[in-house]
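Descriptive structure summary
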Amino acid sequence: MPSPRLAQPALAWMAARGWQAFAFQQEVWQAVAEGRSGMLHATTGSGKTYAVWLGMLDALLARHPPVRAAEPLRVVWLTPMRALASDTAKALAEPLRDLAPTWTIGLRTGDTPSAERARQDRRLPTVLVTTPESLTLMLTREAMQDELAGVAYVVVDEWHELIGSKRGVQAQLALARLRQLHPRLVSWGLSATLGNLDEAMAVLCGQDPQPPPRLVRGKIDKTLLIDTLIPPDPGKYSWAGHLGARMQMPVVQEIERSGTTLVFTNVRSQAEVWYQLLLQARPEWAGHIALHHGSLDRATREWVEQGLKEGSLRAVVATSSLDLGVDFLPVERVLQIGSAKGVARMMQRAGRSGHAPGRASRVTLVPTNTMEIIEAAAARWAARGGRVEQRTPPDKPLDVLVQHIVTVALGGGFQADALYAEVASAWSYRMLTRAEFDWALAFCERGGESLGAYPEYHRIVRGEDGIYRVKDAGVARRHRLGVGTIVSDASMQVKYLTGGVLGTMEEGFIARLRKGDCFYFAGRLLEFIRVKDMAAYVRKATRNTGTVPTWMGSKMALSTELSDAVLVMMQAAAQGEFVEPELEAARPMLLTQQRLSKIPTPRTLLVEAFQSREGQHLYIYPFAGRNVHLGLASLLAWRLARDRPNTFSISINDYGLELVSAAPFELEPVTSGALFGAADLLHDVLASLNSTELAQRRFREIARVAGLISTGYPGQPKSTRQLQASSALFFEVFRKYDAGNLLLNQAEREVLSQELEIARLGTTLERMRDKQLDFVQLRHPSPMSVPLMVERFREKLSTEKLSQRLDRILREMEGDAAV
């Protein structure tokens, strides 16, 4: 390892704090000094920020010695979250104050006050911490080229959080634009949890960067503890949420034994529930525990974050809103309610504790059913083996391209040939054909084949000099308001009658409320009063019960890496090896499964059949995650009914699927494996689903990203119904009069690749064919089939009736087991 390529002032700054550079930090400094871009992958809390920042600061000081005047914008630091931006700016400012006191640092996100924006408009800071959306907005400014031409360095923090989404594509295009202004631009990505590091670096650094980029793996001795809060007597049968409430007191006791604790849930509704469970158990904790998720008012979230930093809160119940690298040094412990559904997510959340070099990080998994107990052991095994999920970037999303074309036209304009070359230099568009680019260009210029008669869709105009620009002020305003790729349902502010703001709720939930209905939100029980001016007015409820809000897009799917690890644990159990404490706890369920049926393993595919008063049941356990199982269940039902018409009810979870038919059906295609063929897969999947409805739903998001529909103006937002009507109209117009519209094709591709995970579905079918098929005719439902039955019952039965139905089924099964 070469000696640290860091000037004496920066080394002295570290030494004054008693810090000694790690080998990976020295490697980054050397690479930055050589003008290389790269990727740094290191454990959470290991010092990634200063590894990159001190190297860049050192190089800048060598080229631009500090003088009395502030240096212009030189560094852009991209972060995926606004909350992370503030902490990052504080960390970057520490050495800046001592080494370059005249240089400035600023924040520019959606939360930045207008006065600060105006100040930045007059003079940008030397270092700007911002988000992909805010950087893209800067690209729409007339003076963009003068303002950004001096940017020499870009850092993309938490790159794993962006790379697999359209926000990551937006960042790719922004980087491609900056490289046109500064061809020697140095860009670095930071991550702690990525499986495909070489690809992630290539996506970030663009095509054929010179000098070649460097991948740095930061290996330091940092302990990661992963344990499980094992429920007492989990039983022989379990289903989703079965053990949840039973874990209330064990969780409370763990918090009492620990310092500041983060309690993570996967969805906002679950966070609201667990916050109430903690308060029910310990009313005296009011004011000492808090709730944090993305729908809460910003002031509330900032208060919670400050309480965590100061160590004044005993515990905070949070969602992914606190996943990323915000520095909460007092946090000693992380509890994960339910499965994290992925190895990377679990490790990321674990890193919120012990967030400093030399301190151990600890995550305790809190299962809510017996399969999640096994998942906990599997997650620890996968983490130890470095089996972390890969993140794949989207392939040439044309809605993002259309938005970018208008952005560049606003920011000084472009020539078509030059912009095509620039866009094609971004990884996600490396296979973009000139015909596809020209279609997108024409769509921005004329609205395609069907919108030519409407001037508002003539968004760009080619001048006599060959430069495309935006001429219409209304188009410019609408575009700037709509920049970004984060698409969600229209939301309403939730306000007290006295005017205090609690946060925002999806309009769809508010629309179902009647006056006097009570619901939990922001940790409070509220009574709904009325809707006025796109705000829901509430007051504190006097009743003791209420509903819990639900948000769209709630359920996560089990990752391939974690699914495979679960099957490894099941294999051990099938061989009688209950070596992990979690497997020992799940032994009654596993042994019952083995007695009544068989235990799935990595080399076997378990298929169960069962006859009941409802009809014929078929259970298949591919362990491919709920998204794949949804497409697979629809596909198999369609194939079974193709030759002999039949109607099937479908139920899925992360481990398997259930098909139920009142009429009998042939099992031979199942037992022979013929049903699992991959021939004509795409045709069969599309035929088995209402693909037009799915594509239309996906098109709503595409239309908003592409700027076809506007969400309204400040103070005048459009409702969800208005947005849906507008997107549906465009969808039908394009289908009838512009059949070659590439945005329609994109909607179909995204349904297959994202909602149904068609590639993973094909791989799953191949794996199913390669495995030994274990077919079992059940006398009574097995422990693995019961959760699938419950999923189906929940759609039809009230909670009380569901409980009675389950009691009867379990009594019958227990009676059978005793015989």
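Structure first, text after, so check above.
Residue numbers run consecutively from 1 along every chain, following the written order of its sequence. Note on the predicted model: pLDDT of at least 70 is required for a residue's local features to be given, and 80 or more for side-chain atom pairs to be given and counted; whole-chain, interface and lining totals, by contrast, use all residues. The side-chain numbers reported here are obtained from all heavy atoms of the structure, hydrogens and water having been left aside.

1. A few points about the sheet that holds strand β24 (residues 657–661)
Here the rule is simple: two strands pair whenever DSSP picks up at least two bridges between them. Only DSSP runs of H or I with at least four residues qualify as helices, and only runs of E with at least two residues qualify as strands; both kinds are numbered from the N terminus onward. The sheet built from 5 strands is open, its strands ordered β23-β24-β22-β21-β27 with mixed pairing. The open sheet is flanked by β23 (649–652) and β27 (772–777), the only strands paired with a single partner. Across the sheet, the axes of successive neighbouring strands diverge by a mean angle of 15°, strand direction being ignored. Inspection of the sheet shows strand β21 (residues 604–612) paired to β27 by 6 bridges, in the parallel sense. Between the N-to-C directions of two axes lies an angle of 0 to 180 degrees, each axis being a line fitted to C-alpha atoms and, for a helix, fitted only over the stretch in contact.

2. Some thoughts on the pairing of strand β5 (residues 153–156)
Exposure categories follow from relative accessible area, calculated using a 1.4 Å probe and restricted to protein chains: below 20% of the type maximum is buried, above 50% is exposed, and the middle band is partly exposed. Covered by surrounding structure in β5 are Tyr153 and Val155 together with Val154 and Val156, the residues of both alternating faces. Sheet analysis places strand β2 (residues 75–78) next to β5, joined by 4 bridges and oriented parallel. Within β5, the position partnered with valine 75 by the bridge is tyrosine 153. Inspection of the sheet shows β5 paired to strand β6 (residues 186–191) by 4 bridges, in the parallel sense. Note that in β6 the partner of valine 156 across the bridge is glycine 189.

3. Some remarks on the nonpolar core
Counting 56 residues, the largest nonpolar core has Val316, Ile374, Met570, Leu590 and Phe623 as the members making the most contacts within it. Contacts are assigned to residue pairs with any non-hydrogen atoms lying within 4.5 Å of each other. Not counting the four nearest positions on each side in its chain, methionine 570 is found in contact with Met371, Ile374, Leu590, Ile599, Pro600, Phe623 and Met784. Take the buried residues of types Ala, Val, Leu, Ile, Met, Phe, Trp, Tyr and Cys, join any two whose side-chain atoms come within 4.5 Å, and each joined set is a nonpolar core. In this structure, Val400, Ile709, Leu743 and Leu744 belong to the second largest nonpolar core, which totals 47 residues.

4. Observations concerning the packing of helix α24 (residues 626–642) against helix α26 (residues 681–688)
Contact geometry of α24 with α26 gives a least axis separation of 9 Å together with a crossing angle of 90°. If you check the angle between α24 and α26, you find them roughly perpendicular. When α24 is examined against α26, the residues Ser634, Leu635, Trp638, Arg639 and Arg642 are found in contact with a partner set consisting of Leu681, His683, Asp684, Val685, Ala687 and Ser688. Charged residues are taken to be Asp, Glu, Lys and Arg, nonpolar residues to be Ala, Val, Leu, Ile, Met, Phe, Trp, Tyr, Cys and Pro, and polar residues to be all remaining types, Gly included. Partitioned by chemical class, the residues of the contact of α24 with α26 number 5 nonpolar, 3 polar and 3 charged. We call two directions roughly parallel when the angle between them is under 35 degrees, roughly antiparallel when it is over 145, roughly perpendicular when it lies between 65 and 115, and oblique otherwise.

5. Regarding the pattern of salt bridges
What counts as a salt bridge is simple: a side-chain nitrogen of Lys or Arg found within 4 Å of a carboxyl oxygen of Asp or Glu. Counted by the stated rule, this structure contains 38 salt bridges. Between lysine 309 and aspartate 87 there is a salt bridge, and its shortest N-O distance comes to 2.4 Å. With lysine 309 in helix α13 (residues 298–310) and aspartate 87 in helix α4 (residues 82–99), this residue pair connects regions lying 222 residues apart in the sequence. With a closest N to O distance of 3.4 Å, glutamate 701 and arginine 698 form a salt bridge. Separated by 3 residues within a single helix, glutamate 701 and arginine 698 lie in helix α27 (residues 691–705), roughly one turn from each other.

6. A look at the sheet that holds strand β13 (residues 361–366)
The 6 strands are arranged β8-β13-β12-β9-β11-β10 in an open sheet whose pairing can be described as parallel. Sheet topology places β8 (224–228) and β10 (289–292) at the edges, where each strand pairs with a single neighbour. If you compare each strand with its neighbour and ignore which way they point, the axes differ by 20° on average. As judged from the 4 bridges shared by strand β9 (residues 261–264) and strand β12 (residues 333–337), these two strands associate in the parallel manner. Each bridged residue has a counterpart across the sheet, and for phenylalanine 264 the counterpart in β12 is glutamine 336.

7. A closer look at the environment of alanine 663
Counting through the fold element by element, alanine 663 comes out in the loop between β24 and α25 (668–671). Taking the C-alpha atoms as reference points, alanine 663 and arginine 462, 201 residues apart in sequence, are found 64 Å from one another. In this view, alanine 663 contacts Gln616 and Asn646; residues no more than four positions away in its chain are not counted.

8. Some details on the packing of aromatic side chains
Two rings from Phe, Tyr or Trp (for Trp, the six-membered ring) form a pair when their centres are within 6.5 Å of each other. A pair whose planes differ by under 30 degrees is stacked, one over 60 is edge-to-face, and the rest are tilted. All told, the structure shown has 14 aromatic pairs when counted by the stated rule. Their ring planes at 80° and their centres at 5.6 Å tell us that tryptophan 13 and tryptophan 19 sit as a pair that is edge-to-face. Each ring, one from phenylalanine 443 and one from phenylalanine 734, has its centre 6.1 Å from the other, and the planes form 70°; the classification is edge-to-face. With a gap of 291 residues between them, phenylalanine 443 in helix α18 (residues 434–446) and phenylalanine 734 in helix α28 (residues 720–737) connect regions that are remote in the sequence. A relative accessible area of 1% means that phenylalanine 443 is categorised as buried. Looking at phenylalanine 734, the relative accessible area reads 0%, which means it is buried. An aromatic cluster is built from Trp439, Phe443, Tyr457, Phe699, Phe730, Phe731 and Phe734, whose rings are joined through pairwise contacts. Should the NZ of a Lys or the CZ of an Arg lie within 6 Å of a ring centre and within 35 degrees of the ring normal, that charge is described as sitting over the ring. A cation over a ring is seen here: arginine 587 above phenylalanine 578, with NZ or CZ 4.1 Å from the ring centre.

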